[in-house]
Amino acid sequence: RIYQLSELRVVTVKIGAHAFKAWVMDTPGKRQEGMMFLPSDKFAADEGMLFAFPEPQPLSYWMQNTPAPLDIAYVSKDRKLLNVQPGKPYDESPLPSTGDAQYVLEVKQGTLKRLGIRPGATVSFPDDVVGQ
């Protein structure tokens, strides 16, 4: 990995009563690498990555070089959960947002469903998390 987890900024992302420790991916290089090459035994169910983009836009992720099954949660500019896509390890099929997203939260697959987190939920994190 180019970006080691120990070197990344960590913030708390809250969705309802649930909190996640998230590594911030706020530059093009960080967003491109994301969870690639990171096996699921290297992060906990309450850990993940928060991707921040400069502007809201239709987004689509894929799972190239990603060994861990993930929930890919698209979040709007006003920090509402748009949709969650299940990402299968190494699958290069597109997993699109259902609208303009400015943020993406990736956590272990099934976590959001297990916690009862659904589209429309409010997502909160520090205001200084901005995409470059």
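Note that the structure is a prediction, hence the values are computed from the model and not measured. (Residues numbered from 1 in each chain as written. Predicted model: local features only at pLDDT ≥ 70, side-chain atom pairs only at ≥ 80, totals over all residues. Heavy atoms only, no water.)

Draft legend 1. Spotlight on the packing of aromatic side chains. Counted by the stated rule, this structure contains three aromatic pairs. Relative to Phe125, the ring of Tyr103 lies with its centre 4.8 Å away and its plane at 70°, an arrangement referred to as edge-to-face. Taken together, the residues span a long stretch of sequence, with Tyr103 in strand 6 (residues 95-108) and Phe125 in the segment after strand 7 (123-124) at a distance of 22 residues. The buried category is assigned to Tyr103, whose relative accessible area is 6%. The exposure class assigned to Phe125 is buried, which follows from its relative accessible area of 8%. The ring of Phe53 carries the charged tip of Arg31 above its face, separated from the ring centre by 4.7 Å. A cation over a ring is seen here: Arg79 above Phe125, with NZ or CZ 3.8 Å from the ring centre. (Phe/Tyr/Trp six-rings, centres within 6.5 Å; stacked < 30°, edge-to-face > 60°. Helix = DSSP H or I, 4+ residues; strand = E, 2+ residues; numbered from the N terminus. Buried < 20%, exposed > 50% of the residue type's maximum accessible area, 1.4 Å probe, protein only. Lys NZ or Arg CZ within 6 Å of the ring centre and 35° of its normal.)

Draft legend 2. Looking closely at the side chain of Gln85. The topology assignment puts Gln85 in strand 5 (residues 81-87). Given the relative accessible area of 18%, Gln85 is considered buried. In this structure, Gln85 is in contact with Leu70, Asp71, Ile72, Tyr74, Leu95 and Pro96, ignoring residues within four places of it in sequence. (Contact = heavy atoms within 4.5 Å.)

Draft legend 3. Local environment of the layout of surface pockets. The space that makes up the largest pocket amounts to roughly 260 Å³. If you trace the largest pocket, you find 17 residues lining it, with Arg31, Gln32, Met36, Tyr61 and Trp62 closest to the centre. Contributing elements (two or more residues each) for the lining of the largest pocket: helix 1 (28-33) and strand 3 (47-61). It is strand 3 that provides the largest number of residues to the lining of the largest pocket, a total of five residues. Tallied by class, residues from the lining of the largest pocket come to nine nonpolar, five polar and three charged. (1 Å grid on protein atoms, 1.4 Å probe; cavity = no way out; pocket = protein on both sides within 12 Å on 5 of 7 lines; lining within 4 Å. Points joined across faces, edges and corners; volume = space filled by probe spheres on them. Nonpolar A, V, L, I, M, F, W, Y, C, P; charged D, E, K, R; others polar.)

Draft legend 4. A look at unusual backbone geometry. Of note in the backbone geometry, Asn65 takes a positive phi value of approximately 60° without being a glycine. Note on placement: Asn65 falls in the loop between strand 3 and strand 4 (70-75). Backbone geometry places Tyr90, a non-glycine residue, at a positive phi of 65°. Among the secondary structure elements, Tyr90 is positioned in the loop between strand 5 and strand 6. Using a relative accessible area of 51% as the deciding quantity, one classes Tyr90 as exposed.

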